[in-house]
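If you want the building blocks of each chain, they are given just below.
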Amino acid sequence: MNKEQSSVLKAWEATMRKTQAAKKRANSIFGITSMANVAHNDVEEDRASEEPYFAEKILPNGDYYTGQWHDNFPDGQGKYLWTDGCIYIGEWRKGKTMGRGRFTWPSGASYEGEFKTGYMDGTGVYIGANGDTYKGQWVMNLKHGHGLMHYSNGDAYDGEWRRGLQEGHGKYQWKNGNYYVGEWKNGVIFGKGTFVWSNGNKYDGFWEDGLPKGNGTYQWPGGSFYVGNWSKDPDEQNGTYYPSESSSTADLKWDPTSVYNDLASCKICHGERVSIMPSQKRLAMWYSTKGVDRPRRLSVDGRASVGIERPLDKTSLWENDGDGSSLREPRRDFDYELYDDTNPKFNLGLALKVPKLGKRQGETISKGHRNYELMLNLQLGIRHSVGRPAPATGFDLKASAFDPKEKIWTRFPPEGSKYTPPHQSCEFRWKDYCPVVFRTLRKLFKVDPADYMISICGNDALRELSSPGKSGSFFYLTNDDRYMIKTMKKSETKVFLRMLSAYYNHCRSFENTLVIKYYGLHSVKLTGPAQKKVRFIIMGNLLRSNYTIHRRFDLKGSSLGRITDKPESELDNTTILKDLDLNFIFKLQKSWFQEFCWQIDRDCEFLEQERTMDYSLLVGLHFREMSPNGELIPCETRNSSGNSKNDATHHLPRTDMDQLLQDPKSWASIKLGTNMQARVERTIRKPELELQLVGERTGECYEVVMFFGIIDILQDYDITKKLEHAYKSIQYDPTSISAVDPKQYSRRFRDFIFKVFAEDTCSF
């Protein structure tokens, strides 16, 4: 027995002494059997290439496995007992729980149903330790789709779920006999629905955050009813009571606010919290069968448990993965002459690398800067606009609120006035365009007024960015990177005011719209000889994240001029790449991909209807796996025949996502276009196809966090763009030009986006 085998045996004996309870439990469940010691590597290596065979093992850390075994991993039917008492019985594939199975927790909770790469995914039944029972559909450990939930307190919910919370149409039945049937959002009653009390009273109407809000009717069993606009704010509450013939005069004094008191006792049960997900459980497996005798712990979904990236710690960008492995060998899957041997866009033999980190974007606007006074004016104006008292309004706005003439002028003299504070800048006039609309938009986008004001008007100065496009506009970025302020041309301002009503209705109708969010439209006019007027718009920063954004793409679907003129060696993580620079296919999980396609269609229909063009999809990528020297590590490798090699021999997805999955409420930070876990597949461009928009797929995939949204939506197809199209059509292919008719632009944009985004058929 060599030293390594001896040390493994000693470790096993020590572990087993500490886990007698687990061992007894294993014996009681599986029976007392003879155990094959995992230290016998020679035997395992000889059988690694054979068909799956039956094995019984006590692993080095005390875990126990019995079942089908192949290539040093569970493969087929098997049972696995962890030393903490968790058990999985069911189907395995290459060390991953895949297919039907049953997972039980030490607390007594259990899940029986479908698994995909370690996650509860498909149809299954969960029974909690406290008696909660859910039967329905799952996606990546979360209730997602239709499902029936019986709570331990006697309540029940039958309806649609989304990312672990009630969303869509559903019925909630309380133990006391009350029930609600209607729409839900993020786990609360939201939208149109009917609430019926056990005494026969009924409210039928609109809801917001679990309470009646908007038009609704309250009915009594005797035939009386109350119709009106409902709100918890007494100033907004109004309606008419219609008594039945049998009603008494006392009923006429009925107070609608009593309904809110009755609803206070009708709490929505959220069920118990799962302490640990099946995908977080580790397997004590041997890492490889090819001469590597070092054990590595893998999660149930096949992921290595070392080298976990801390996304919030930007200083650990080059964190060592801990295994000391050498650089991977270059691979060539295509046999054509490469255009540029130094560019991985053309050369599959070159590994992709994380671009170097650029300096923080923008120049701080300090005293002496040419736009210092403009910044002060802007901050003073926004502080005044947001802080100005205004009557409470609902989301149903009058048509007059969208009138381009609906604006408020305010004069800011240096000495101050009745409504404005004294300041050190020159005198200026401030204009708010459609203030009620933008105040309501900020409310719709859940922007806290105090946070909004602090971000833009706090003690920290703005940063000025030179325009990355051809518009000549300037961009200003808040210090917390939350908001961007863009100077506007008069023509853009007119376009936006013209389409403001449609934009508002679109954002209200489609919560997950990918169209850029706008928070305010203003102008500053300096008094005196200069008479300079600056219009600007405030919008959200799509790529703001605690993750480092490694790659940025601005995609339109056109080819003329859509390439970055910098060599690969000069690119950094702030460089915005274009269509012909793209060397990835973006792969989204099935439910996300379906929602993405549907939303792109809705957004493009809106933009086409408003006759705008030249918009683009801004995409930001954060790569999750990289080696110490900055090379990107693929999540799987394909051999020359196109088949996947053993996933366990390569770096696999990290585990920080599982921490997120434990608490469904934390999914609020993940939505379409924001913080999305995804994969990208590398593509290679053929040199003979100079304007090839989409490269050849290679099967080489990388784990990423994605951010994306539609920007630059305010370009009208005016006479200037029509002339540009006519002039360039003489010299170039008309289909390659960015300036085309809005209908053609929308169709081309969608066709391209649906080529570079794809459904990921593999769970990750």
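Note: the structure precedes this text.
Here goes a summary of the coordinates provided. Counting restarts for each chain: residues are numbered from 1 in the order of the written sequence. Totals for whole chains, interfaces and linings use every residue, but because this is a predicted model, local features are given only for residues with pLDDT of at least 70 and side-chain atom pairs only at 80 or more, for both listing and counting. Here the side-chain values reflect all heavy atoms present in the structure, with hydrogen atoms and water set aside.

Looking at the sheet that holds strand β31 (residues 584-588)
Read from one edge to the other, the open sheet built from seven strands follows the order β30-β29-β33-β35-β34-β31-β37, with strand pairing classed as mixed. Each having just a single partner strand, β30 (576-577) and β37 (757-759) make up the two edges of the open sheet. Contacts are residue-level and defined by heavy atoms, with any inter-residue pair within 4.5 Å sufficient. Every axis in this analysis is a line fitted to C-alpha atoms, fitted for helices over the stretch in contact. Angles between the N-to-C directions lie between 0 and 180 degrees. The way it works is that DSSP assigns letters per residue, a run of H or I at least four long becomes a helix, a run of E at least two long becomes a strand, and they are numbered from the N terminus. Packed on one face of the sheet, helix α9 (residues 590-609) meets β31, β34 (676-684), β35 (696-711) and β37 and runs near 140 degrees to β37. Across the sheet, helix α12 (residues 742-756) lies against β29 (551-555), β31, β33 (616-623), β35 and β37, angled at about 50 degrees from β37, the strand it touches most. In short, DSSP must find at least two bridges between two strands for them to pair.

Thoughts on the environment of F428
Structurally, the position occupied by F428 is in strand β23 (residues 428-433). Each C-alpha atom, one on F428 and one on K532, is 9.6 Å from the other, the two residues being 104 residues apart in sequence. Excluding residues that lie within four positions of it along the chain, F428 makes contacts with N377, L380, T410, R411, F412, H423, V524, K525, L526 and T527.

Here we look at helix α8 (residues 490-509)
Helix span is expected to be 1.5 Å times the residue number reduced by one. The terminal C-alpha atoms of α8, which comprises 20 residues, lie 28 Å apart, in line with the 28 Å expected from a rise of 1.5 Å per residue. A residue's bend is the angle separating two fitted axes: one through the seven residues that end there, the other through the seven that start there. If you look at α8, its biggest bend is around 55 degrees, right at L500. Relative accessibility decides the category of a residue: with a 1.4 Å probe and only protein chains considered, values under 20% of the type maximum give buried, values over 50% give exposed, and everything between is partly exposed. What α8 keeps buried is the set E492, T493, V495, F496, L497, M499, L500, Y503, Y504, H506 and C507.

Description of the packing of aromatic side chains
A ring pair, where both rings are aromatic, is described by two values, the distance of the centres and the angle of the planes. When two rings of Phe, Tyr or Trp (its six-membered ring) have centres within 6.5 Å they constitute a pair, described as stacked for plane angles under 30 degrees, edge-to-face for angles over 60, and tilted for the intermediate range. Evaluated as defined, the whole model comprises 53 aromatic pairs. Geometrically, the ring pair formed by Y151 and Y172 is tilted, given 6.0 Å between the ring centres and 35 degrees between the ring planes. Here Y151, found in the loop between β10 (142-150) and β11 (156-162), pairs with Y172, found in strand β12 (residues 165-173); they are 21 residues apart in sequence, far enough to count as distant. Residue classification places Y172 among the buried positions, given a relative accessible area of 0%. On the numbers, 5.5 Å between centres and 65 degrees between planes, the contact of F510 with W598 is edge-to-face. Note that F510 is positioned in the loop between α8 and β27 (518-526) and W598 in helix α9, a separation of 88 residues in sequence. A cation over an aromatic ring shows up here: K171 above the ring of Y179, its NZ or CZ 4.8 Å from the ring centre. In this scheme, Lys NZ or Arg CZ marks a charge over a ring once it lies within 6 Å of the ring centre and within 35 degrees of the ring normal.

Structural notes on the packing of α8 against α9
Axis separation between α8 and α9 bottoms out at 11 Å; the angle between their running directions is 165 degrees. If you check the angle between α8 and α9, you find them roughly antiparallel. Relative to α9, α8 is oriented so that their crossing is right-handed. Side by side, α8 and α9 meet where M499, A502, Y503 and H506 of the first sit next to Q599, R602, D603 and F606 of the second. Class assignment of the residues belonging to the contact of α8 with α9 gives a composition of four nonpolar, two polar and two charged. Orientation is classified from the angle alone, with under 35 degrees giving roughly parallel, over 145 giving roughly antiparallel, 65 to 115 giving roughly perpendicular, and any other angle giving oblique. Note on convention: near helix rotated counterclockwise from far helix by under a right angle means a left-handed crossing. Clockwise means right-handed. As a working rule, the residues Ala, Val, Leu, Ile, Met, Phe, Trp, Tyr, Cys and Pro are called nonpolar, Asp, Glu, Lys and Arg charged, and the rest polar, with Gly in that last group.

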